[in-house]
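Close look at the chain arrangement
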Amino acid sequence: MILAIDLGGTKLAAALFDGEQLCDRIQFKTHSSGDPGTLKDQLQSLLHHYQGRFDCIGVASTGIIQQGRLTALNPDNLGGLKGFDLEVFFQQIFPGPIALLNDAQAATFGESVARDNAANLAFITVSTGIGGGLMINGELLRGGSGHLGHTLADPDGPVCGCGRRGCIEAVASGSALSRLGSEALRREVCARELLELAQSDTRAEQIVDRACLSVAGLIADLQASLAVGRVVVGGSVGLNPLFFDRVTLALASNPAFYRPVVESAVLGADAGLYGISHWVKQFHR
Ligand code: BMX
Ligand code: ZN
């Protein structure tokens, strides 16, 4: 039995995997305050909830995990959790095997397995941030590879939390949509609300269009640079048909050479959980 944990910018989800079967899924809102104490409490109550029912743990986490520690490309998405030693934390409580992977890389692996172990695909998650993963010739690229949210959308765009100007994450992520939308509309809007407003309000539509055009541009670039053939889009924003349909429409204006097959994540919001459980099964038992 595997305990799979998905630690994102705004949510912490977990489930048990009995073979292929996902069971007893729970979810919390997370560390928007970036308080390591809160995260520790949440993880502790999560481990308590599943106590005695698993024999290994897989963690899919936002950020780049180096030697068991959370490091950030975009520290804004981690708050005070930068440097949090996930591995040591779990080891102190659980003596069995633990596997750690970036959340988007885990989801990439999950979506590949769900497609009969597709050997080539790129995955883009549009959520709090924008994450990515690459499965190339049957191998998942890990570590510093595949962080697609930090490729260039607009050289004159806003400065991203990672320090680079004009990253896709700075114009198309859930937090960017909310920030840009709230500025333009002069009231607080979340990404989902902005997508709905874009159907009738031109200020909202401009922001959403730029975001979807950027993601479509990234998809075209992935096809031109890696000939991936298939790009899967996930994450709470990416799974929303109001976003996904605009992306595919924007991509359609490109010549055929730049247009891979584009699909919504078949594992939906649980791609990271499935992915990390498959990863643990294949490499850590
Ligand atoms: C950021 C980066 C990626 C992550 C992506 C999606 C940090 C902390 N995170 O680009 O590692 O995969 O966001 O993360 O630098 P989520 O929190 O939106 O799921
Ligand atoms: Zn960036």
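Note that the coordinates shown come from a computational prediction; the quantities given were computed from them, not determined experimentally. (Residues numbered from 1 in each chain as written. Chains lettered and ligands numbered in written order. Predicted model: local features only at pLDDT ≥ 70, side-chain atom pairs only at ≥ 80, totals over all residues. Heavy atoms only, no water.)

A separate point is the overall build of the protein chain. Summing up its helical and strand segments, the protein chain has nine helices and 12 strands in all. Scaling as 2.2 N^0.38, a compact globule of 285 residues should have a C-alpha radius of gyration of about 19 Å, and the protein chain matches this with 18 Å. A principal-axis box enclosing the C-alpha atoms of the protein chain has dimensions of 55 × 40 × 30 Å. Taking all 285 residues of the protein chain together, 53% fall into the buried category. Sequence separation of at least 24 residues holds for 62% of the intrachain contacts in the protein chain that already meet a minimum separation of 6. Accessible area for the protein chain stands at about 12200 Å²; split by element, carbon and sulfur atoms hold 49% of it. Between the mean site of the 22 positive side-chain charges and the mean site of the 28 negative ones, the protein chain shows a separation of 2 Å. (Helix = DSSP H or I, 4+ residues; strand = E, 2+ residues; numbered from the N terminus. Rg over C-alpha atoms; globule rule 2.2 N^0.38 Å. Buried < 20%, exposed > 50% of the residue type's maximum accessible area, 1.4 Å probe, protein only. Contact = heavy atoms within 4.5 Å. Areas by Shrake-Rupley, 256 points an atom, 1.4 Å probe, with all protein chains shown as cover. Lys, Arg positive; Asp, Glu negative; His and termini not counted. Charge placed at Lys NZ, Arg CZ, Asp CG, Glu CD.)

This brings us to the coordination of the zinc ion (ligand 2). On the protein side, the zinc ion (ligand 2) has His150 (ND1), Cys160 (SG), Cys162 (SG) and Cys167 (SG) as donor atoms, found 2.1 to 2.4 Å from it. Seen from the zinc ion (ligand 2), its four donor atoms lie at angles of 104 to 119°, and the figure they make is tetrahedral. All donors of the zinc ion (ligand 2) belong to a single chain; written as a sequence motif, their spacing is H-x9-C-x1-C-x4-C. (Donors = N, O, S within 2.8 Å, 3.2 Å for Na, K, Ca; no water. Tetrahedral: all angles 85-135°; square planar, octahedral: opposite > 155°, others 65-115°.)

Position of asparagine 74 among the secondary structure elements: in the loop between strand 6 (69–71) and helix 2 (86–93). A relative accessible area of 9% means that asparagine 74 is categorised as buried. What asparagine 74 contacts, discounting residues up to four positions off in sequence, is His150, Cys160, Gly161, Cys162 and Glu169.

We now examine the sheet that holds strand 4 (residues 56–61). Spatially, 3-2-1-4-7 is the arrangement adopted by the five strands of the open sheet, whose pairing is mixed. Strand pairing shows two members of the sheet lacking a second neighbour, strand 3 (21–29) and strand 7 (98–102), which therefore form its edges. Ignoring strand direction, the axes of neighbouring strands in this sheet form an average angle of 15°. Pairing of strand 4 with strand 7, which is carried by five bridges, proceeds in the parallel orientation. By the bridge assignment for strand 7, serine 61 is matched with asparagine 102. The sheet contacts of helix 1 (residues 36–50) involve strand 1 (2–7), strand 2 (11–18), strand 3 and strand 4, and relative to strand 3 the element is tilted by about 155°. Against the sheet, helix 2 contacts strand 1, strand 4 and strand 7, and its axis sits at roughly 155° relative to strand 7. (Pairing = 2+ DSSP bridges. Axes fitted to C-alpha atoms, helices over the stretch in contact; angles between N-to-C directions.)

Turning our attention to helix 2. Every buried residue of helix 2 is accounted for by Leu86, Phe89 and Phe90. Down the axis, helix 2 shows its buried residues gathered within 90° of arc, on one side only. Along its buried surface, helix 2 packs onto strand 1, helix 1, strand 4, strand 6 and strand 7. (Arc of directions from axis to C-beta.)

Distances and angles like these do not, on their own, reveal function.
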